[in-house]
Amino acid sequence: MEKRISGRTKLMALFGTPVGHSGSPAMYNFSFQHDDLDYAYMAFDVNVDQMPKVFESIRELDIKAGNFTMPVKNIAAELVDKLSPAAEIVGACNAFVNENGVITGHVTDGIGFTENLRANGFDVEGKKTVVLGAGGAATAVQVQLAIEGAKEVRIFNLKDNFFERAEETKSKLANKCPECLVTVEDILDKVKLEEAINNCDIVINATTVGMKPNNDKTLLDKSLFRKDLVVADTVYDPEKTRMLIEAEEAGCKIIGGKGMLLCQGAANYEIFVGKKMPLDEFAKFQAENQR
Ligand code: NAD
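Going along each chain's sequence as written, the residues are numbered from 1 onward. Where local features are concerned, this predicted model is filtered to residues with pLDDT of at least 70; where side-chain atom pairs are given and counted, the filter is 80 or more; whole-chain, interface and lining totals use all residues. The side-chain numbers reported here are obtained from all heavy atoms of the structure, hydrogens and water having been left aside.

Q: With reference to specific residues and values, describe the sheet that holds strand β11 (residues 230–233).
A: Ordered by their spatial adjacency, 6 strands build an open sheet running β9-β8-β7-β10-β11-β12, and the pairing between neighbours is parallel. The open sheet has two edge strands with one neighbour each: β9 (181–186) and β12 (253–255). Each strand of the sheet is rotated relative to its neighbour by a mean of 15°, with strand direction disregarded. Whether two strands pair depends on DSSP finding at least two bridges between them. Numbering goes from the N terminus for both helices and strands, where a helix is a DSSP run of H or I of at least four residues and a strand is a run of E of at least two. Inspection of the sheet shows strand β10 (residues 202–205) paired to β11 by 4 bridges, in the parallel sense. Paired with Val 203 across the bridge in β11 is Val 231. In this description, contact between two residues means that some pair of their heavy atoms is separated by no more than 4.5 Å. To get an axis, a line is fitted to the C-alpha atoms, and for a helix only the part in contact is used. The angle between two axes follows their N-to-C directions and goes from 0 to 180 degrees. Packing against the sheet, helix α7 (residues 163–176) makes contact with β8 (152–157) and β9, and its axis sits at approximately 165° to β9. Lying over the sheet, helix α8 (residues 190–198) contacts β7 (128–132), β8, β9 and β10, oriented at roughly 150° with respect to β8.

Q: Account for the domain arrangement of the chain, with residues named and values stated.
A: Each domain's extent was defined by an automatic or database domain assignment. Its domain assignment divides the chain into domain 1 (10–107 + 261–289) and domain 2 (110–256). In this assembly, 9 residues from domain 1 lie in contact with 14 residues from domain 2. Counting the surface lost from both domain 1 and domain 2, the interface buries some 1,000 Å², and carbon and sulfur atoms represent 75% of this. Accessible area that two parts lose when put together, evaluated with a 1.4 Å probe and summed over both, is termed the buried area. When the buried area of domain 1 at its contact with domain 2 is split by residue, Ile 89, Val 90 and Cys 263 rank highest and sum to 54% of it. By definition here, a salt bridge exists when the distance from a side-chain nitrogen of Lys or Arg to a carboxyl oxygen of Asp or Glu is within 4 Å. Viewed at the interface, domain 2 and domain 1 are joined by 1 salt bridge. With its nearest N and O atoms 3.8 Å apart, the salt bridge here joins Lys 176 to Glu 88. Between N or O atoms, a polar contact is any pair within 3.5 Å; within protein, one atom must be a potential hydrogen donor and the other a potential acceptor, and residues adjacent in sequence are included only when both atoms are from side chains. For the interface between domain 1 and domain 2, the tally reads 1 residue pair in polar contact (both at pLDDT 80 or more). Counting residues per element, the ones that place at least two in the side of domain 1 that touches domain 2 are α4 (85–90) and α10 (258–273). By the convention adopted, Pro, Cys, Tyr, Trp, Phe, Met, Ile, Leu, Val and Ala count as nonpolar, Lys, Arg, Asp and Glu as charged, and the other residues, Gly among them, as polar. A breakdown of the residues in the side of domain 1 that touches domain 2 according to their chemical character gives 7 nonpolar, 1 polar and 1 charged.

In structure tokens:
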């Protein structure tokens, strides 16, 4: 018999579609049980059109906190009562808390990314950074880098639909983080890309390139790698992309996307319940249950 859930248990939830594959319910429910917190976390498969009703439900049912995933992150930012500074610049939120009916939206992709860099011994303050990409993950990373005091954020993207978003990020950051130099270039401009990478401390892939099933793809020629360059990926499947394998072979420090995913979960948990997530215990529990 389920002993943990009672008549007083409060709900937290994930909204978006699809959500069936999400690891969030297992991770947060394990953590609530571990920390003896009276919450339960459920995933709800909803689309953009349903979001106004989702917000009514959050208020009516007093859903305490939770997450938004694709494709509802942008509309969620329009429906919350308040936004964190990063979520306001990004224009999307992937986490929320409901404090006495006031719903605040947060974006934790960028925090997860920089936390993971720190866990790997790299602090972004004062650093020159190159970010490949201008989609959801890339924008969150760019904004967090600027908020945390990076000296430069040089964005490279294809001249596709995302390029305009990069230009918007540049102008928003010029206003909110004027001390950080932000530039936007065409990723196909090999001369500018090479010059930027030769002069930066860290290059970050925040595009979908290299992601399964396109494991053989990379945006960077391996001749660009040098020993004192840090190379990071947001892609977590595979855990080591072709870009990271080639960078490692060239002697660079490499940082993969898996840690970002875990750090983002931990950042959410802290926003939800004000405690550090029992990450090591959850990893042990997962390993034992995969056997
Ligand atoms: P998105 O669809 O919002 O953006 C896609 C980006 O990839 C755009 O900038 C686009 O221009 C670029 N792109 C696509 N094809 C390209 C090509 N052939 N050449 C150059 N650029 C190309 O995607 P997203 O949600 O931002 O996700 C990007 C990556 O980040 C994915 O691999 C995703 O798994 C990863 N991600 C990781 C985490 C994590 O916690 N580790 C969190 C979020 C996203």
